[in-house]
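One-letter residues, chain by chain:
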Amino acid sequence: MVKAVRTFRVTPSLPPQLAPLTELAGNFRWVWDPGTREIFEWADRTLWQEVGGNPTAFLGRLSAARLAELSTDTAFLSRVDAVRKDLQSYLTGSRWAQSQDPAPPAVAYFSAEFGITEVMQVYSGGLGVLAGDHLKAASDLGLPLVGIGLLYRHGYFRQLLDADGWQREQYPDLNPYDLPLTRLEDEAGSRLLVEVELAGRTVAAQIWKADVGRVPLLLLDTDIDVNHPDDRQVTDRLYGGDAEHRLRQEIVLGIGGVRALEVARQAGAVTIDPVVFHANEGHAGFLQFERILRLMRDGLDFDQAIETARASVLFTTHTPVPAGIDRFDRGLMEAYFSGFAEQAGVSIEQVLKLGQEPGDDGLGVYNMAMMGLRLSAGANGVSKLHGQVSRGMFADLWPGVEPDEVPITSITNGVHASTWTGEEMTAVYDRVLSPDWSHNPEAWKLTHNITDDQIWRARGRARERLVTTARTWARQQAERRGESSSTLAWTESILDPDALTIGFARRFATYKRATLLLSQPDRLRAMLASTERPIQFIFSGKAHPKDDGGKGLIREIMKFSNEEGIRDRVLFVEDYDMAIARTMLAGCDVWLNNPRRPHEASGTSGEKSVLNGGLHASVLDGWWDEMYVPAGNLTPPNGFAIGSRTHHPDPDQQDAADAAALFDLLERIIIPTFYDRSDGPLPRRWLACVRASLTTNGPKVLASRMVQDYATELYTPVAIRAERLTADGGKRALELAAWRGHLATHWSDVSIDKVELDHRAGALGDTREVAVDVTLGSVAPEDVEVQIVHGPLNADGTIQSATVQSLKGGNGRYSGVMDLDTSGEYGLTARVVPRHEDLRSWADTGLVTWAP
């Protein structure tokens, strides 16, 4: 094909009366605002569907004749004006953040992927969709936030299944000029660039801006002619290539992202000045390298710059297993960061120690999660269970610190209701709840006013829409695989709009166990053969291109679904994306989730099902572990739990136990409850469970709740502390860095010499005096706190439900009185921990001395 040597942009020429359409198309709020989408459908419904709901492409293809008609259509123009005014009100009005005291700080949110819409596929799955929902919720709340990511020119792959059911990948070309994006340019119209060093070569990136409601999103793109051909490919594919390719992408994201933010602010494209930097997973960790160098240029040394830079950073981990963490070998790090070490005036070993894994004294591997934890003021997992798992997984970074005290907290993920709630349940909420139900948890207190009839009719319409759409999907897939059109009549009758419909859609990784039901195929066939209580399954999801195990799971499902008598009850939908997800989530009665516990950090698809009136059936993992409420004496369950929280060390036996539990759940509870019509034409017991789900989980699964939690529990405290540390030229940060260095050098001087305690048996309610003698050496008494840790004992002699109590004293002797408030065998130990008013937690230092 002939390649252009010069390029320029041709924009749609709209009549003046239709100019507001450009404004509406240019802000991604149309993704979650039905009124805006209705405008484009009104203009040309067929064309809107042809362009896949992309308003930029739509306006570029709208015919001159139709534009002329619309420019004189007073009803259309009036509606456009009303929607435009609504957008302006949304963008400028006071919202939740403006009512807070203190006001939430400005945040820069870095992520390797953002799932805003299927129209712009710069996401692969849950991490990206979560990041997109975070931006949307921040916009709804009026939180001052800017997103920073990468624009992948080939996005994530399109999935095609061959005749054998094996996944094949195709990488589409993503043209930014066909998207609601603006390239940042100077006054002369030249593109604004940032540069990064990649193994001794300067690589430039242009910056695209997306307006996600009130939130700007900056996307870096290296596919420009000034770069070497190899460097143009840095932002080619999301998670594409080898480890070196991933490293190059993460350097552009982190270091280039900080520079792009500065360029965008200078150009006026971003007006907020971030106080907090939020790294969404380790991919964004190198943002700290850029910030450290900038501080060193202002006169700080390496350790001082680290202390100052880390004060403003929040690190979120989404990884429940070590294998999911990015690691780079020493050779790669030396090739790409020797220049950084030279600029910082430190050795490469000092740089590598920032990502050092405990026990890796040879600094052979650089761990991005370890770097994220070392260079942040706060860290969190994405559900309560994941926080607990993370504290255990990373405990070696804080030797001597009890897992429960490891400084990693949790904020449970949520989902953006306006994006993920189908039109059927949206209509119900609009009638019954307050108008702000999509982002106000308080609105969900009115769910008791939703009637059984309203829920059942909405669910029926959504299920029928899913079945109708699924038949179209099935026909298109069969045609792509070469099936003759004369043999496709079966696609017109697959699935039943009145049958219990169960959905399973997510990334096909082996730990998610998509084929758990196939472990007992005869039992499954018997359920599917029922005509009295019909049941049907819809599967969808992609396996990573290099994950043959995940691809094998897809092939197993495809093989089973093609069996005679099965294919009208089991369907696998190819090329899972946000559009397919929305239709499935709206129409499925049950959302199935059966990973190996605790390998799912949070999982959010089930939360989306909740908002659509579906019931979640899941292993007690991720968010479900904390939100599942079993049946009480007078209350129904708010969903279904597969198995229990017990864990078997043999994965095969655990799989067998969970499969048995899942079949029992389906046969004895889920199917009978759905088809129970003993109280009339409606399944009253089922609907009671739906209402319990909406009441208990509706407000909890909102992304607005999640972002409010981030703002109040993490962003604001981090910002307040960072402001204190960086005031007066960073005086307190410098003092804290010096204090840390002194303590690290001299902590070996600290010892506990004696613990005095009356060992006689005591009665419940008694008190006991405790005295502890310590030696501090070169560590000052004001820099430590002496504590006792006491509580009832486990059978192995460890303390359970420990109480931590500070002692008073000096001159090497500390004492206090403890209450005996629990009967049984009781135990006590003592410890010395660091104390400094500018620490977020003593455990942050990793220093502690226990009684011998």
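Definitions and cut-offs
Residues numbered from 1 in each chain as written. Predicted model: local features only at pLDDT ≥ 70, side-chain atom pairs only at ≥ 80, totals over all residues. Heavy atoms only, no water. Helix = DSSP H or I, 4+ residues; strand = E, 2+ residues; numbered from the N terminus. Rg over C-alpha atoms; globule rule 2.2 N^0.38 Å. Buried < 20%, exposed > 50% of the residue type's maximum accessible area, 1.4 Å probe, protein only. Contact = heavy atoms within 4.5 Å. Areas by Shrake-Rupley, 256 points an atom, 1.4 Å probe, with all protein chains shown as cover. Lys, Arg positive; Asp, Glu negative; His and termini not counted. Charge placed at Lys NZ, Arg CZ, Asp CG, Glu CD. Salt bridge = Lys/Arg side-chain N within 4 Å of Asp/Glu carboxyl O. Pairing = 2+ DSSP bridges. Expected span 1.5 Å × (residues − 1). Axes fitted to C-alpha atoms, helices over the stretch in contact; angles between N-to-C directions.

### Observations regarding the overall build of the protein
Secondary structure summary: the protein contains 26 helices and 28 strands in total. A globule of 852 residues ought to have a C-alpha radius of gyration of about 29 Å, and the protein, at 29 Å, matches this closely. When the backbone C-alpha atoms are referred to their principal axes, the protein occupies close to 90 × 75 × 50 Å. Buried residues in the protein amount to 57% of all 852 residues. Contacts in the protein between residues far apart in sequence, at least 24 positions, make up 72% of those at least 6 positions apart. Summing over all exposed atoms, the protein offers an accessible surface of approximately 34700 Å²; the carbon and sulfur share of this is 48%. The averaged location of the 115 negative side-chain charges in the protein is 4 Å from the averaged location of its 87 positive side-chain charges.

### Considerations on the pattern of salt bridges
Taken as a whole and assessed by the stated rule, the structure comprises 62 salt bridges. A salt bridge links D225 to R191; its shortest N-O distance comes to 2.6 Å. With D225 in the loop between β8 (215-221) and α8 (229-232) and R191 in the loop between β5 (182-183) and β6 (193-198), the pair connects residues that are 34 residues apart, well separated along the chain. Residue classification places R191 among the partly exposed positions, given a relative accessible area of 25%. The partner of R813 in a salt bridge is D773, with the nearest N and O atoms 2.6 Å apart. A residue pair is termed long-range when its members are at least 10 positions apart, and R813 in strand β26 (residues 813-819) and D773 in strand β22 (residues 767-775) qualify at 40 residues. We classify R813 as partly exposed; its relative accessible area is 35%. Where salt bridges share partners, they join R153, D221, D223 and R232 into one cluster.

### Details of the sheet that holds strand β23 (residues 784-792)
Taking strand neighbours across the sheet as the criterion, the 4 strands line up as β24-β23-β27-β28 in an open arrangement whose pairing is antiparallel. Of all strands in the sheet, those with a lone pairing partner are β24 (803-806) and β28 (849-850), marking the two edges. When β23 meets strand β27 (residues 826-834), the two strands line up antiparallel, connected through 9 bridges. When the sheet's bridge partners are listed, V784 is paired in β27 with P834.

### With respect to helix α25 (residues 684-697)
Taking 1.5 Å of rise per residue, 14 residues should cover 20 Å, and α25 covers 19 Å from first to last C-alpha, within 8% of that figure. Within the sequence span of α25, burial applies to W686, L687, C689, V690, R691, A692, S693, L694 and N697.

### Considerations on the sheet that holds strand β20 (residues 640-642)
Think of a sheet as strands paired side by side through backbone hydrogen bonds, with each pair either parallel or antiparallel. The strand order across the open sheet built from 6 strands is β17-β16-β15-β18-β19-β20, with neighbouring strands paired in parallel fashion. Each edge of the sheet is formed by a strand with only one pairing partner; in this case those strands are β17 (570-573) and β20. Here the strands of the sheet are splayed against their neighbours by 20° on average, with no regard to which way each runs. Relative to β20, strand β19 (residues 615-619) runs parallel, the two sharing 3 bridges. Bridge pairing in β20 places A617 opposite F640. Packing of helix α18 (residues 452-480) onto the sheet brings it into contact with β15 (500-505), β16 (535-540) and β17, and relative to β17 it is tilted by some 70°. Contacts from helix α20 (residues 548-561) reach β16 and β17, with the element oriented near 140° to β17.

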